Every structure is written in C-alpha cells, then in structure tokens.
Amino acid sequence: MSGNDGIRATFSRRNGDFLLNVKLDLPGRGVTAVHGTSGSGKTTFLRCVAGLERAGSAYLSVNGEVWQDERAGVFLPVHRRPLGYVFQEASLFAHLDVQRNLDYGLRRVPAAERRVALDQAIKLLGIEKLLQRRSDTLSGGERQRVAIARALATSPRLLLMDEPLASLDVQRKADVLPYLERLHDELDIPVLYVSHAPDEVARLADHLVLLEAGRVVAAGPTRELMTRMDLPLAHGDSAAAVIEATVNRVEPQYHLSHAGFAGGQISLLNPSLTVGQRVRVRIQARDVSLTLQKQEGTSVLNIFAVTVTGISADSPGQVMVGLDANGSTLLARITQKSADALQLQPGSRVYAQVKGVAVLG
Ligand SMILES: Nc1ncnc2c1ncn2[C@@H]1O[C@H](COP(=O)(O)OP(=O)(O)OP(=O)(O)O)[C@@H](O)[C@H]1O
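Residues numbered from 1 in each chain as written. Predicted model: local features only at pLDDT ≥ 70, side-chain atom pairs only at ≥ 80, totals over all residues. Heavy atoms only, no water.

- If you check an unreviewed UniProt entry, the protein chain appears there as Molybdenum ABC transporter ATP-binding protein from Polaromonas aquatica.

Here is the structure:
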C-alpha cells in the first residue's frame, strides 16, 4: 500500500527495558486488530499512533495525511490528530447526561469537518433512548456504546480502540459486539483495534497485526493468519478458521440455512439468512473431528473431504491438524493418540466432521 491509500506507521521507541520497533503498511479502511500477549506493546503502539508518546524515529501517515515525520521535523500533537480513542473503561463525565457528553465531543470539530453526523453515531450505537440519562446511571455496555459514539462524533479519520470490551462481562460483551460489527460495515473510518481475545479478532477484524516483544511477528488478512500453524492464534482452545460462504438454500422448518463454499456445502442453524447472502462462518478447531471414511448414519450435518496440510504439537496430548478443503483452510484439534491411530501425515485424504459452526455476519 502506498500513496494516498492506507496507514503507514513506523515507530521506534524505548520505554525503560522495552523497545517498540514496528514498520507497518495497513489498510486505510476496515478494522485492523492489534493482537499479542500482555506486554507485547499493543498499547504503546496505539499511544504512538495517537501522538501520546513520541517515538524519536517515526513516520505516520493516514490515508495520505502525514501526522508525523521525524526526519522532516513533523509531529502533530494529539489534539491536532483527527482521531477517536476508546479505552477499556469509558471515561464519561458522570454529572452530565449522555447528550451533553456527546456534545462535548462535537465541540472540537468545525461543522464543515463533521464527516460522521452525530445523529448517525447515535443511531449506529443504538443509544437514542439513553440521551437524557445521566452517564453514572448507565450499565457498562451502555457506557461503552456512548464512549464509542462520542469518539465518532469528533469525525475522526482514524478510530483507535484499546480493549473496548475487556471490562465487560460475557453478556455485556455480547450486547456491544453487534454494534462494533455495524461500525465495521457502515463506516468508512479505519479502526485500529487492540484485543487479546481471539474470538473478537475473528469476528471484527479484516486485517491483523501480531506483536511480540515490541516487534511485528506477522501482519496480513485475519483469515490467513488465524490458520497459520507457525503463529500462536492457530493453537490452543480458541483456535478457529473463518470461511466465507454464500447462502443457497433455506429450510425454515428446520431453522437451517445452507451455504456453499470452496470445500462444499455447509449447514447453518440460522433460519434468518437469505439466499444469495454472503456469510462469514467460524469453525472452531476443537469442534472438528477426522475420519478415514465418510461416516454414514451420523447426526453431524457438516462433513467435508479434506487433505492434511500439516500437523503440529498443541497442548499436552493434543495436536493441531491443518486441513485444505479445496482451497479453504480448516483446523482440527485432536488427540495425539487419534492422529497416530489414523496415521495422519501431510497429504492424507480424510473427512472433517464439523460439530458446530457460528455465523459471524
Ligand atoms: N513508560 C514506561 N516505562 C517503562 N516501561 C514501560 C512504559 N510504558 C510501557 N512500558 C512497558 O512496555 C511494555 C509494553 O507495554 P504495553 O502496555 O504497550 O503492552 P500491551 O501489549 O498493551 O500489554 P497488555 O495486554 O497487558 O495491556 C511492557 O513491558 C510495559 O511494562
């Protein structure tokens, strides 16, 4: 990516013993997740992008606008960078109602520069009914939705989100996630989204940056990186593949929709899809079992002919098996004992039985 398109970010900054050293070319739209273990530098990276920390050696341009170029002596301070920043805990003014919190965000932005109308932000985050409520009466999920709307109300050219769901319980997280997905679908603002939760990454991000000890281990399309067995996301209990499929038949009487992808037909327990709709489907590695022959008389609906592409050690007694389903990659997490019994090796032709799938939207 070059020229006017995309985000070019190069930072080298030392904080005590920690060195952030990254050089990235990221898409200028959609959600890019920044993922890595605790202490890998995710927040430091975001703070450098925001101009809250100044890297001595740095270059940052966002869709053609240069915000920082240390060699040329350019450094826009944080208040002059047109960005929205959403933190783990929403920092709203407790004594003000929601409407006034939003207005506060808007004050900074001249009318002509408002790319996202306040009304649109309110609608997108579904907070119409909360506008007159004092912010200290809101639930955690509601507060976070208001904080996101407030960040959008400043008409940012870049939205930074640092673990925006981390302080929420499972139910509140599930409440807010669909709104984040809508941001992704309906807004043209690029988002850098820090998360250490693989399920959020799979659901929200098109693009992924993996950090480790301040360095970029890998960067690229989320779907590719999630299933690369040399990378940590393709291991452990939450390892999953995401495939794209097109709905081609609906059976309302069974609450099922059927969709085609490169590897065959997949059945989804979701009757509200429509024929022709494109869906992203997450298949968790732990829900995939392997058989040498195609099983007959089974309750499992989704069975695909696949070729083993690789096997690597996972947790004790378990292995991760990489599978090619006619161009789509799947993962299966099975016991070492089963892998030995089936004599699996790269090139083995087997059948993948998929117990559960989730439609991501
Ligand atoms: N001002 C500072 N002085 C010294 N060390 C710092 C400073 N700021 C950050 N660090 C260190 O830099 C490393 C990266 O911190 P950072 O907060 O960016 O990591 P992270 O990936 O966001 O972690 P987490 O997931 O735990 O939030 C950590 O080891 C942290 O202790």
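1. Considering the site of the ligand
Thinking step 1. Taken together, Asn15, Gly16, Phe18, Thr37, Ser38, Gly39, Ser40, Gly41, Lys42, Thr43 and Thr44 make up the full set of residues adjacent to the ligand.
Thinking step 2. Within the backbone of asparagine 15, an N or O atom sits 3.3 Å from a nitrogen atom of the ligand.
Thinking step 3. The separation between an oxygen atom of the ligand and a polar main-chain atom of glycine 39 is 2.9 Å.
Thinking step 4. In isolation the ligand exposes 640 Å². Once the protein is present, 55% of that is buried.
Thinking step 5. Here the element with the most residues in the shell around the ligand is helix H1 (residues 42-50); it accounts for three residues.
Thinking step 6. When grouped by side-chain class, the residues that make up the shell around the ligand number one nonpolar, nine polar and one charged. (Near = heavy atom within 4 Å. Polar contact = N/O pair within 3.5 Å; in protein donor to acceptor, adjacent residues only side chain to side chain. Areas by Shrake-Rupley, 256 points an atom, 1.4 Å probe, with all protein chains shown as cover. Helix = DSSP H or I, 4+ residues; strand = E, 2+ residues; numbered from the N terminus. Nonpolar A, V, L, I, M, F, W, Y, C, P; charged D, E, K, R; others polar.)

2. Points about unusual backbone geometry
Thinking step 1. The phi angle at histidine 255 is positive, at roughly 60°, despite the residue not being glycine.
Thinking step 2. Examined against the element boundaries, histidine 255 turns out to sit in the loop between strand S12 (240-251) and strand S13 (256-261).
Thinking step 3. Here asparagine 326, not a glycine, exhibits a phi torsion of approximately 50°, which is positive.
Thinking step 4. When you line up the elements, asparagine 326 lands in the loop between strand S18 (318-325) and strand S19 (328-335).

3. Considerations on the environment of valine 275
Thinking step 1. Mapped onto the fold, valine 275 is located in the loop between strand S14 (264-268) and strand S15 (278-284).
Thinking step 2. When neighbours within four sequence positions are excluded, valine 275 is seen to be in contact with Val247, Asn248, Arg249 and Val250. (Contact = heavy atoms within 4.5 Å.)

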